[in-house]
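Below, each chain spelled out in residue letters.
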Amino acid sequence: KHDMPRPKSNTDPNKLLSIKVRSCERLAKEAQYYKREVSENEAKLAQMEENGKDYYDIKKFKEVLGESYMMVPDSKKRLEKSLEDLGLFLDLNSQLEGEYMERAKKLLEEFSQREDIQETAVEGSDTVF
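Residues numbered from 1 in each chain as written. Predicted model: local features only at pLDDT ≥ 70, side-chain atom pairs only at ≥ 80, totals over all residues. Heavy atoms only, no water.

Participant: I keep staring at the packing of helix 2 (residues 55-92) against helix 3 (residues 99-113) and nothing clicks. Help me out?
Facilitator: When two helices pack together, their arrangement is given by the angle between the helix axes and by the axis-to-axis distance. Look at helix 2 against helix 3: their axes get within 10 Å of each other, and the N-to-C directions meet at 130°. With respect to their mutual orientation, helix 2 and helix 3 come out oblique. In this structure, the crossing between helix 2 and helix 3 has a hand that is left-handed. Side by side, helix 2 and helix 3 meet where Leu79, Leu83, Leu86, Gly87 and Leu90 of the first sit next to Met101, Ala104, Lys105, Leu107, Leu108 and Phe111 of the second. (Axes fitted to C-alpha atoms, helices over the stretch in contact; angles between N-to-C directions. Helix = DSSP H or I, 4+ residues; strand = E, 2+ residues; numbered from the N terminus. Parallel < 35°, antiparallel > 145°, perpendicular 65-115°, else oblique. Left-handed = near helix turned anticlockwise from the far one by under 90°. Contact = heavy atoms within 4.5 Å.)

Written as structure tokens, this is what we have:
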């Protein structure tokens, strides 16, 4: 059996920092998207019911809305985990400087001050975001 040589892992702290920052930024956008999607779908469902749309169309759309509700806590949990990982990485690599270090500090500061990430309830569900 011949083992192929493994490529060296990229342990450059600046590269890892940029990956972690971009990941947090992407997950923050994703969490906002799902939260907005829930609001839009709730409005659409209310309009469908108000306009007397077909029972089965409404039932199917309620399933779509249910899936949206499930994505909110999932995206929130992934964002929180990513932010926690970024915070730990910064604690271990506080000597780093540059654009990504500034973006990382800004992200952590922004989310540490946002109470809505823990306290805003999504209407119509038990989900807290």
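Participant: How should the pattern of salt bridges be read in this particular structure?
Facilitator: Any two side chains of opposite charge can pair, given that their charged atoms come close. Throughout the structure, instances matching the rule amount to eight salt bridges. Lys20 is the salt-bridge partner of Asp85, the closest N and O atoms lying 2.8 Å from each other. A residue pair is termed long-range when its members are at least 10 positions apart, and Asp85 in helix 2 and Lys20 in helix 1 (residues 13-50) qualify at 65 residues. Between Glu30 and Arg78 there is a salt bridge whose closest N-O contact spans 2.2 Å. Separated by 48 residues along the polypeptide, Glu30 in helix 1 and Arg78 in helix 2 bring together distant segments of the chain. Salt bridges sharing common partners tie together Glu25, Glu99 and Arg103. (Salt bridge = Lys/Arg side-chain N within 4 Å of Asp/Glu carboxyl O.)

Function cannot be inferred from these measures alone, as they are strictly geometric.
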